[in-house]
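Listed below, chain by chain, are the residues.
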Amino acid sequence: MTISYNWLSEYLPEIIEPDKLSRILTSIGLEVESIEKYESIKGGLAGLVIGEVLECIQHPNADKLKLTKVNVGAAEPLQIVCGANNVATGQKVIVATVGTTIYPLTGEPLTMRVAKIRSVESQGMICAQDEIGLGTDHAGIIVLPSDSEIGSPAAHYFQPYSDWIYEIGLTPNRMDAMSHYGVARDVCAYLTHHQKEARPKSPFSNAFKPDNTDLPIKVTIENEEACQRYAGVTVTGVTVMESPKWLKDRLTAIGQRTINNIVDITNFILHETGQPLHAFDADAIAGNAIIVKNLPEGTKFISLDEKERKLSNGDLMICNAKEGMCIAGVFGGLHSGVTPATKNIFLESAWFNPVTIRKTSVRHDLRTDAATRFEKGVDISNTVNVLKRAALMIKEIAGGEIASDIIDVYPDPKPKTEVTLKNHYLKKLSGKNYHADKIKRILTALGFEIVREGQDELRIAVPYS
């Protein structure tokens with residue numbers, strides 16, 4: 001499981017340094033196998049500054065070089081030899097001053113020093129994109145807008161993202177920790193035990209309400225064993241485009257490829273809460289109907305990767321009134337997914353049977369992030385909360401209006417499992433003698449409910465995940 005320090009910290013009640021947080025995670029059973037520095041731009045543009053070209057003349061000893069004077073906010077301008085064809089007087093540029101280390105896209109890092117180029121001293125370098133890791137362009141130097149502040153750090157202008165990334169070795173039973181919010185809950189339980197009462201900052205709000213009910217979608221579950229809860233909502237008038245920088249940074253840091261704002265939001269929610277979501281192009285839902293069912297053995301289906309697959313009659317499908325649109329909990333279909341032309345979407349949040357999902361995932365060799373979580377068992381009680389959060393994010397980032405009430409089909413609501421925890425057994429198991437109040441605080445912090453208290457035992461309701 002890959003966890004971002006910056007992302008995780010958003011849910012914690014206090015700032016914990018990365019190394020200390022690593023030790024806490026390992027101590028509570030979420031073993032940190034590695035912790036690495038992540039930088040969207042290698043070196044973070046440290047030492048690079050914005051300068052203004054005051055003078056640009058021909059190099060006296062080379063036809064293809066220019067001799068420039070560049071103001072970087074110091075007492076005196078720098079003399080820099082530049083070979084770019086596009087360098088000119090009056091430009092705002094990126095300058096690597098003497099002592100600065102740059103990290104090209106290819107090759108080794110290079111530390112600037114005073115150099116003589118064709119017998120003329122050069123006090124740094126005016127940079128192109130590929131020379132400092134900003135992009136692949138080497139056709140010429142970077143030219144910034146005229147209002148860029150002379151002498152200010154390039155990092156302030158480009159805002160490269162940095163983070164610490166943890167690789168956590170999870171055992172298969174720890175679905176509750178397969179999300180940033182889930183890990184934050186465990187960290188807060190640690191803080192509750194060792195310091196003071198602590199609760200994770202919830203990402204959920206009570207702000208959800210539909211703007212209208214112009215696009216209702218009817219949901220029917222035919223296989224209630226394989227799909228015990230299915231919720232959805234429609235959002236109309238969205239604009240599918242590139243995600244904002246903060247969202248791309250969050251996902252890219254944990255190794256997730258960004259696609260577009262709608263799909264990225266569903267992936268963000270998955271890694272935040274552990275609940276997979278799926279977005280359909282609502283205009284591709286024939287009959288404005290969602291039917292969760294199995295199709296006949298051998299039914300052909302073209303998945304999102306453009307492969308034609310023959311379905312098993314054990315594969316649960318999300319269908320419209322005419323055909324299958326998605327292999328439930330595993331992989332989307334080619335003709336119902338979100339595209340740049342999509343204007344209206346239907347957002348799905350569901351609980352699928354772990355055994356069913358695993359068999360389908362293995363059968364078709366589709367080991368997706370969604371399938372990995374469904375097959376371990378997601379929190380059936382959080383299905384609607386997550387859906388509301390995603391709909392609000394889509395409205396904020398992609399525009400549009402929430403065009404239906406929450407559709408929530410939950411035929412047979414499941415009660416929480418209750419167990420009895422005896423204090424003497426806990427002592428035998430852990431080797432420690434915990435005070436009764438401390439036991440209750442830790443359990444409550446982890447989401448357990450105290451149903452009844454006895455002299456030497458607690459009756460507790462276990463979280464769904």
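Quick caveat, the model's predicted, so the values are computed rather than measured.

Quick look at the packing of helix H6 (residues 261-273) against helix H9 (residues 383-398)
Then, in step 1: Direction vectors running N to C along H6 and H9 enclose 145 degrees, while the axes themselves pass 10 Å from each other. Once H6 is placed against H9, the crossing between them reads as right-handed. Each of Asn 261, Ile 262, Ile 265, Phe 268, Ile 269, Glu 272 and Thr 273 in H6 lies in contact with H9, whose residues at this interface are Val 386, Arg 389, Ala 390, Met 393, Ile 394, Ile 397 and Ala 398.
Then, in step 2: Each residue belonging to the contact of H6 with H9 can be placed in one class, and the counts come to ten nonpolar, two polar and two charged.

Quick word on the pairing of strand E16 (residues 277-281)
Then, in step 1: Counting buried positions over the five residues of E16 gives five, a clear majority of the element.
Then, in step 2: Side-chain alternation along E16 places Leu 277, Ala 279 and Asp 281 on one buried face and His 278 and Phe 280 on a second face that is also buried.
Then, in step 3: When E16 meets strand E23 (residues 344-352), the two strands line up antiparallel, connected through five bridges. Across the sheet, the residue bridging to Asp 281 is Ile 345, located in E23.

A closer look at the sheet that holds strand E17 (residues 289-294)
Then, in step 1: Reading across the sheet, the five strands line up as E14-E17-E20-E21-E22 and stay open at both edges, with mixed pairing between neighbours. Whereas interior strands pair on both sides, the edge strands pair on one side only; in this sheet they are strand E14 (218-221) and strand E22 (331-332).
Then, in step 2: Relative to strand E21 (residues 324-327), strand E20 (residues 316-319) runs antiparallel, the two being bridged by three bridges. Within E21, the residue paired with Cys 319 across the bridge is Gly 324.

Quick look at the pairing of strand E28 (residues 457-461)
Then, in step 1: Two elements, strand E26 (residues 418-422) and E28, share five bridges in a ladder whose sense is antiparallel. Note on E28: the bridge partner recorded for Lys 422 is Glu 457.
Then, in step 2: When strand E27 (residues 449-453) meets E28, the two strands line up antiparallel, connected through four bridges. Bridge pairing links Glu 449 to Ala 461 in E28.

Structural notes on the pattern of salt bridges
Then, in step 1: The tally for this structure, following the rule as stated, stands at 20 salt bridges.
Then, in step 2: For Glu 272, the salt bridge is made with Arg 389, and the minimal N-O distance between the two is 2.7 Å. Here Arg 389 lies in helix H9 and Glu 272 lies in helix H6, a separation of 117 residues in the sequence.
Then, in step 3: By relative accessible area, which is 0% here, Glu 272 ends up buried.
Then, in step 4: With a shortest N-O distance of 3.1 Å, Glu 453 and Lys 440 are connected by a salt bridge. Of this pair, Glu 453 sits in strand E27 while Lys 440 sits in helix H11 (residues 436-445), and the two are 13 residues apart along the sequence.
Then, in step 5: Several salt bridges converge on common partners, so that one network encompasses Arg 174, Asp 176 and Asp 186.

Some remarks on empty space enclosed by the protein
Then, in step 1: Under the defined criterion, the tally for this structure stands at one cavity of 30 Å³ or more.
Then, in step 2: The computed volume of the largest cavity comes to approximately 30 Å³.
Then, in step 3: Looking at the lining of the largest cavity residue by residue, the classes come out as six nonpolar, two polar and one charged.

Looking at H9
Then, in step 1: Look at H9: 22 Å from first C-alpha to last across 16 residues, which is about the 22 Å you get at 1.5 Å a residue.
Then, in step 2: Taken residue by residue, H9 has Thr 383, Val 384, Val 386, Leu 387, Arg 389, Ala 390, Ala 391, Met 393, Ile 394, Ile 397 and Ala 398 as its buried positions.
Then, in step 3: Two residues or fewer after H9 comes Gly 399, characterised by a positive phi angle close to 75 degrees.

Each value, and the rule that gives it
Residues numbered from 1 in each chain as written. Predicted model: local features only at pLDDT ≥ 70, side-chain atom pairs only at ≥ 80, totals over all residues. Heavy atoms only, no water. Axes fitted to C-alpha atoms, helices over the stretch in contact; angles between N-to-C directions. Helix = DSSP H or I, 4+ residues; strand = E, 2+ residues; numbered from the N terminus. Left-handed = near helix turned anticlockwise from the far one by under 90°. Contact = heavy atoms within 4.5 Å. Nonpolar A, V, L, I, M, F, W, Y, C, P; charged D, E, K, R; others polar. Buried < 20%, exposed > 50% of the residue type's maximum accessible area, 1.4 Å probe, protein only. Pairing = 2+ DSSP bridges. Salt bridge = Lys/Arg side-chain N within 4 Å of Asp/Glu carboxyl O. 1 Å grid on protein atoms, 1.4 Å probe; cavity = no way out; pocket = protein on both sides within 12 Å on 5 of 7 lines; lining within 4 Å. Points joined across faces, edges and corners; volume = space filled by probe spheres on them. Expected span 1.5 Å × (residues − 1).

Coordinates in, geometry out; function isn't part of it.
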